[in-house]
Amino acid sequence: MRIGVMLSERSGADALGKLADDVRRAADDGFPSAWLSQIFGVDAITALAVAGGGVPGIELGTAVVPTYPRHPAVMAQQARTAALALDGRFTLGIGLSHQVVIEGVYGYDFGRPARHMDEYLSVLAPLLAGENVSFEGETLKGSLGLTVGNEGRVPLLLAALGPKMLKLAAERADGTVLWMTGPATVREHIVPTITAAAKAAGRDEPRIVCALPTCVTSDPDRAREQAAQTFAMYGDLPSYRAMMDREGVAGPADLAVVGDEDTVQAKLEELAAAGVTDFVAAPFMPGEELERTRRFLAAAAAR
C-alpha cells in the first residue's frame, strides 16, 4: 500500500507559492503522491499544474473535482493540460459532490446522479485517452477531439461509494478514491463490489485510494475531539453517512486514524489488508503533532 498525503487548501495572494512549497516538501519527505480537493479556493487542477511543475517524481492528483459545473470536454482539456505540465504525473479524481452543493450552490439538477456520471464518463474517458468522441445522451452531449499533446492517457479515478458508482469506477475508470470510509466497509463492500465489476468487464484490478483524517499523538481523545469539530459536516452528508452507518460508527471522529505510532501503524496495516492500494493521510492537528504525524508517515512511506 502506497502512502500519500492530502494537501491543505491555501488562500491569499501567495496561495500558489505556499502550495508549491507543500508539494516540494511532500516530495522531499518521500511521499509518492499528494492530493488536493476542489473546494472554493484555488482551482485544484490548475493549482497542481502550477505548483507541481518544478517538483519532479511525485504523482499529483485531485480528490476530487465535482463534475456538474464543468462539461466533460472542458474537464478533459484541463486534465490533459495539467498532465502535460507535470510530465504525465497527474491523476484526475472526479466525483458527483453532494445535492446540497450541486443544487444549492450551482443550481444544477441532482435528480439522476448515476445517469449523469454514466454519460459524463462517455465523453470524458475517451478524451482523456486521446480519442475523438461523438456522444449524445439524456443529460449531456459532446462531439469533438482535443489536440493537447499528451503522450499517454490521463489516469482517472471516480469517487464511488454505492454499487452503481463502483461499477462505473470499475468499468470506465482506473479505480475509486474514498473519503470517510472505514476499513470494514472497504473490506466488505468497496473492494468486493469494484473488483467483481472490473473482473466481469475484463479490466485490470482497480486502484483503491482511501483518504482519512490522520494524527499521530499521545492524546488521542483531544485529537478525536478536534476531528469531530473539523469534519462534523461530513457526518450529515447522505453518501458519507451511509458509509459511517455501514461501518458502525457515530461520526467522522471515529473514522480518523488517531493514536501513537504503533496504533496508527496497526490501522494502516488493517487498511492494507482490507484492499486499499493507496492510503492518503489528511493531517489535521497543528504544531508538534503535525510534525510527528508527517515524520511517521514519511518513514512508513519509505518502507
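Residues numbered from 1 in each chain as written. Predicted model: local features only at pLDDT ≥ 70, side-chain atom pairs only at ≥ 80, totals over all residues. Heavy atoms only, no water.

The name that an unreviewed UniProt entry assigns to the chain is F420-dependent oxidoreductase, MSMEG_4879 family, with the source organism given as Actinomadura meyerae.

A. Quick peek at the pattern of salt bridges. Here the structure, examined in full by the defined rule, presents 23 salt bridges. Notably, a salt bridge pairs Arg115 with Glu138, separated by 4.0 Å at the nearest N-O pair. Taken as a pair, Arg115 in helix α5 (residues 113-128) and Glu138 in the loop between β6 (133-136) and β7 (141-144) lie far apart in primary sequence, 23 residues in all. The exposure class assigned to Arg115 is partly exposed, which follows from its relative accessible area of 31%. Residue class for Glu138 comes out exposed when judged on its relative accessible area of 54%. The partner of Glu261 in a salt bridge is Arg292, and the shortest N-O contact between them spans 2.8 Å. Taken together, the residues span a long stretch of sequence, with Glu261 in helix α11 (residues 261-274) and Arg292 in helix α12 (residues 287-302) at a distance of 31 residues. Under the relative-accessibility criterion, Glu261 is labelled partly exposed at 29%. Through salt bridges with shared partners, one network takes in Arg2, Glu59, Arg207 and Asp278. (Salt bridge = Lys/Arg side-chain N within 4 Å of Asp/Glu carboxyl O. Helix = DSSP H or I, 4+ residues; strand = E, 2+ residues; numbered from the N terminus. Buried < 20%, exposed > 50% of the residue type's maximum accessible area, 1.4 Å probe, protein only.)

B. Inspection of unusual backbone geometry at higher detail. Geometrically, the link from Ala63 to Val64 is a cis peptide bond, its omega value of -5 degrees lying close to zero. In this structure, Val64 sits in the loop between β3 (59-62) and β4 (65-66). The backbone of Met180 shows a phi angle near 60 degrees, a positive value even though the residue is not glycine. One can find Met180 in the loop between β9 (175-179) and α7 (183-200).

C. Quick peek at the domain arrangement of the chain. When the domains of the chain are assigned, the result is domain 1 (1-159) and domain 2 (161-302). Averaged C-alpha coordinates put domain 1 and domain 2 at centres separated by 20 Å. Taken together, the 32 residues of domain 1 in the interface contact 34 residues of domain 2. Here domain 1 packs against domain 2, burying approximately 2800 Å² in sum over the two surfaces, 62% of which is carbon and sulfur. Looking at the side of domain 1 facing domain 2, the largest losses of area belong to Met1, Ile3 and Leu158, adding up to 23% of the total buried there. Where domain 1 packs against domain 2, one counts six salt bridges. One salt bridge in this structure joins Glu59 and Arg207, with 2.8 Å as the shortest N-O distance. Among the elements of the structure, β1 (2-6), α1 (15-28), α5 and β8 (156-158) are those that each provide at least two residues to the side of domain 1 that touches domain 2. In terms of residue count, the dominant contributor to the side of domain 1 that touches domain 2 is α5 (six residues). (Domains from an automatic or database assignment. Contact = heavy atoms within 4.5 Å. Buried area = accessible area lost by both parts, 1.4 Å probe.)

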